[in-house]
Amino acid sequence: MLFLLGLIASVMGVSLIVGAYFNWNWFMNSWGHINTTELLGRGCARIFYSVVGVAFLILGILMMLGIAGP
């Protein structure tokens, strides 16, 4: 179960990083991201989502290895 949660967190992290890197309009203007984009501006929102994505990716890898988790 922990491996599956780690895999999901890793996929989420990669999707956040890729969406921020390629500056996809559908990603940055989606319902869940539009408030952050308006609050921080598009450039800062891209950096924010990249950092959050890296954090999710690291957490997911640690969970898959059994080092972190509930």
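Procedures and definitions
Residues numbered from 1 in each chain as written. Predicted model: local features only at pLDDT ≥ 70, side-chain atom pairs only at ≥ 80, totals over all residues. Heavy atoms only, no water. Core = buried A, V, L, I, M, F, W, Y, C linked by side-chain atoms within 4.5 Å. Buried < 20%, exposed > 50% of the residue type's maximum accessible area, 1.4 Å probe, protein only. Helix = DSSP H or I, 4+ residues; strand = E, 2+ residues; numbered from the N terminus. Contact = heavy atoms within 4.5 Å. Phe/Tyr/Trp six-rings, centres within 6.5 Å; stacked < 30°, edge-to-face > 60°.

## Comments concerning the nonpolar core
Part 1 of the argument: Grouped together as the largest cluster of nonpolar side chains are six residues: Leu 16, Ala 20, Phe 27, Met 28, Ala 45 and Tyr 49.
Part 2 of the argument: Those elements that provide at least two residues to this core are helix H1 (2-22), helix H2 (25-28) and helix H4 (42-65).
Part 3 of the argument: Ignoring anything within four residues of it in the chain, the contact list for Ala 20 reads Phe 27, Arg 46, Tyr 49 and Ser 50.

## Concerning the packing of aromatic side chains
Part 1 of the argument: The final tally for this structure, using the stated rule, is six aromatic pairs.
Part 2 of the argument: On the basis of an interplanar angle of 20° and a centroid distance of 5.4 Å, the ring pair of Trp 24 and Trp 26 is categorised as stacked.
Part 3 of the argument: Exposure remark for Trp 26: the relative accessible area of 60% places this residue in the exposed category.
Part 4 of the argument: Clustering of aromatic rings is evident, with ring pairs tying together Tyr 21, Phe 22, Trp 24, Trp 26, Phe 27, Phe 48 and Tyr 49.

## Digging into unusual backbone geometry
Part 1 of the argument: One non-glycine residue, Asn 23, lies in the positive phi region at around 55°.
Part 2 of the argument: Position of Asn 23 among the secondary structure elements: in the loop between H1 and H2.

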